[in-house]
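Residue-level listing of the chains:
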Amino acid sequence: MPNASLVGVLFSALRTRPLALPPVPADPRSPSDRSAAPALLRLAGIHKAFGGVAALEGVDLEVRAGEVHAVCGENGAGKSTLMKIMSGVYQPDAGSLHCHGKPVRFASTQAAAAHGVVMIHQELNLIPHLTVAENIYLAREPLRGWFIDRRRLRADAQRCLDRLGAAISPEAPVHTLPVAQQQMVEIAKALSIDAGVLIMDEPTSSLTETETRQLFEVVRELRRGGVGIVYISHRLDEMAQIVDRVTVLRDGRQVASGAFADTTVDAIVAQMVGRALDEKFPPRRSVPGTELLLEVRALQRRPAFGPVSFELRRGEILGFAGLMGAGRTEVARAIFGADPRDGGTIRLHGQDLAIRSPIDAIGQGIAYVSEDRKAHGLALEMSVGENITLANLAAVCGPFGFIRFGAEQKTARGYIETLGIRTPGPQQQARLLSGGNQQKVVIAKWLFRQARVIIFDEPTRGIDVGAKVAIYELMDWLAAEGIGVILISSELPEILGLTDRVAVFHAGRIAAVLPTRHTSQEEIMLHASGLGSAHAPRFSRGGLRAAEPATP
Amino acid sequence: MNDRRQDLVQKFGALAGLLLLVVAFSSTSEAFFSIGNAMTVSLQVTSIALLGVGATFVIIAGGIDLSVGSVLALAGVLAALAAKAGVPVPLAMALGVLAGALCGAVNGLLVTRAKLPPFIATLGMMLVARGIALQITGARAVSGLGESFGELGNGSLWRVERIDAQGFPDVVFPGIPYPVLLMVAIAVVAAVLLSRTRLGRHIHAVGSNAEAARLSGVNTSRIVQFTYVVSGALAGLTGCVLMSRLVTAQPNEGVMYELDAIAASVIGGTSLIGGVGTVSGTVIGSFVIGILRNGLNMNGVSAFTQQIIIGLVILLTVWIDQWRHRR
């Protein structure tokens, strides 16, 4: 792990002096000075719910001129929703927004932009085949009569780019630029409409270290110019370099807010994960065997992930923890043959497998339950029964590939009963089932195929609590049957409540493999944030402990 | 069960429309409702139905085939040239079907290997196949093919004739034309294949959600490839039937037939998004188009007006279908 040393150095610097920018009295950005500055944007008591599920419950946030304000939280804590409310994508159900002390309503992103609030999305919103200048002034092109004033367009764009110190030609087509420069174009675009508040969503996720440093230089420049920056990132390790204040969200609530100087990364992590283990996890009845089932060695696909190595035993549930974009799904898809890989070996029962497509993987008994049921898991127009038999249709076919409909019905009914799939019958269209029941149909498909290794990718996303418990029980039952289970989940309680071991992913690699019984949410989160190596000992003692699985 | 009922409503809707057309035309034209005209209509419908069955395969799997009109011309011309060169007629026609299948295979490769959008791949084939047909014939019709070449298109089963008092043959029953028998046989085989076999199920799965099918271990490329080969082979067969009926091979035959085939498929309830469609629906759709043409002809409606009416019928059926699904 070439990154480990860097992270270590970074972290030790952070521990001895958690404050990145020492408050020098003469510094115009000293904390006392900043608190006196007017709030460019203030959110108070923001509530937002989607279909009865609360995403935000009473969040306050203040963005002042010349500061970088970080918003931290786990996946699903409500960061994105909050950003979208700030930038006018969503309207809050309750609560108010104030710009320079005056109440405002952002009915659209255009309205937010008119008040100087602009969001730079993680996946950039640029038109690839237009030039830099054309992108910066898209839909605001300077006109001369009926025609675009190309000379002014170019000059204005150049001025915006100069302000950033970015060496990018305004005439270059955007698709020819590397991602980091495209990001600069996005920022230039924001500056061109005099953005006072810039919201940056995971700006460093696709940048190299050098590019990240350049970006931070630009951020500091903007801060000096009085721009307020809302900064969202999973990379806690990077935050110390630029962040002035921090707000922590957990399950839609604001749990902490204050100057970065007054806190530590430890405290932020503890606040992020302090979620109660309130969900009902069935006691683990199964005991992992000793027999090695799946061995993955040096699996990689640059730049998405790798090299990654781990093993899975018979009847074991192995968790894949980590933050969004850490490479968990990519690794799973590579094992399953859904995406190509650059290198590495996959062994099952000690035998090397040549997996080039899902057909190969399925033939060897490896199954993958996708995180996106609707896009990758089910043929929605087809019936429940047809979906259940899809991966193993030959088993219900007679000579010449004629489907034995009786056998198919019987099979489908069997699984509908064993898994408790709530449907009027096997004829029902898969589209009409609830999320939890759709997930069970996908699981039934793989059970019918007699899979030996099943990879579950976020299996409980978007399904209600009752159905979740049923799926947990099912996973335990699968393990008891001797099937090796890999559980990819962003919900730490789920990882702690169900798995035997946890592989924690950070930036495309496995940062640590931890025994579930002796770890905690904090320890996992530190490894996932790239801070693990320096911290592990401190957190194995304190903090929330994993629910002890019932073992004989 | 709701699903089944919806399916039945769809079928009966199209069938009811068909019956309504028959009743309406029967009342406006005396010659319409007769065995002779029924056979004429059936004969006219065969080409639309054969191509429509191919289109149904391709469209259910999520593709489109614009090349069939040209492919049928190329296949027919090749069969005729072979027959003229002395190849026995059945063998020459098999050659035509094979040529069609080959064109389909190329379409399939362009879509699955070269990853071209089906619209573009088959548009290219449409021009290339037509061009070859015109090139090898010098844009002239191939005639003087002999009676045996016309047997498939003009012969019929159970034709009953009687010699009348003057010694002229009097047709008691015109018989069932071979093309109609061929259409029925192929429709039955295609329907069984699509609805009752593993292959058919996989075709539906690929069209419904190609990624889910791939992740379930379905060889999606092979399935898509298969549907284009079927479409091409049926176009080849249609070409042979059409040229046989005229006992002349026209390199300009079949222009715009691909659109009739797609229209028949769509009127019959096949979804252009893929995943949904039946052969029985397509056959009904073919008859809707065929009977409309025939009935309007008999009522002296001009060819231009006919185009307008058929265009409106397509828009109406698809709109009703969309509207029903949106509820």
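Everything numeric here is computed off the predicted structure, so don't read it as measured data. (Residues numbered from 1 in each chain as written. Chains lettered and ligands numbered in written order. Predicted model: local features only at pLDDT ≥ 70, side-chain atom pairs only at ≥ 80, totals over all residues.)

Moving on, we get to the overall build of chain A. Regarding its fold elements, chain A presents 20 helices and 22 strands. Across the 552 residues that make up chain A, the buried fraction comes to 48%. (Helix = DSSP H or I, 4+ residues; strand = E, 2+ residues; numbered from the N terminus. Buried ≥ 20, exposed ≤ 12 C-beta atoms within 10 Å, placed from the backbone.)

Here we take up the nonpolar core. Leu198(A), Ile454(A), Ile455(A) and Met475(A) are the most contacted members of the largest nonpolar core, which totals 245 residues. Residues contacting Ile454(A), with those up to four places away along its chain left out, are Ala367(A), Val369(A), Trp446(A), Leu478(A), Ile483(A) and Val485(A). (Core = buried A, V, L, I, M, F, W, Y, C linked by C-beta atoms within 7 Å. Contact = placed C-beta atoms within 7 Å.)

With that settled, consider the environment of Ala49(A). All names here are of chain A. When you line up the elements, alanine 49 lands in strand β1 (residues 39-50). It is 9.7 Å that separates the C-alpha atoms of alanine 49 and glycine 252, two residues lying 203 residues apart in sequence. Once residues within four sequence positions are removed from consideration, alanine 49 is found in contact with Ala54, Ala55 and Asp93.

This next bit is on the sheet that holds strand β16 (residues 343-348) of chain A. Residues and elements named next belong to chain A. The antiparallel open sheet is built from four strands, whose spatial order is β14-β13-β16-β17. With partners counted over all chains shown, the strands left at the sheet margins are β14 (305-313) and β17 (351-352), one partner each. Of the pairings in the sheet, the one linking strand β13 (residues 292-301) to β16 comprises five bridges and is antiparallel in character. The residue bridging arginine 297 from the neighbouring strand is threonine 345, located in β16. Against the sheet, helix α11 (residues 328-335) makes contact with β13, β14 and β16, and its axis sits at roughly 115 degrees relative to β13, the strand it touches most. (Pairing = 2+ DSSP bridges. Axes fitted to C-alpha atoms, helices over the stretch in contact; angles between N-to-C directions.)

What follows covers helix α8 (residues 209-224) of chain A. Residues and elements named next belong to chain A. For α8, which comprises 16 residues, the first-to-last C-alpha distance of 23 Å matches the rise-based estimate of 22 Å (1.5 Å per residue) to within 8%. Where α8 is concerned, the buried positions are Leu215, Val219 and Leu222. The arc that holds every buried residue of α8, seen down its axis, measures 60 degrees, which confines them to one face. Exposed side of α8, more than 90 degrees from the buried face: Glu209, Thr210 and Arg224 are the residues found there. Just downstream of α8, glycine 226 is the residue with a positive phi angle, here 90 degrees. (Expected span 1.5 Å × (residues − 1). Arc of directions from axis to C-beta.)

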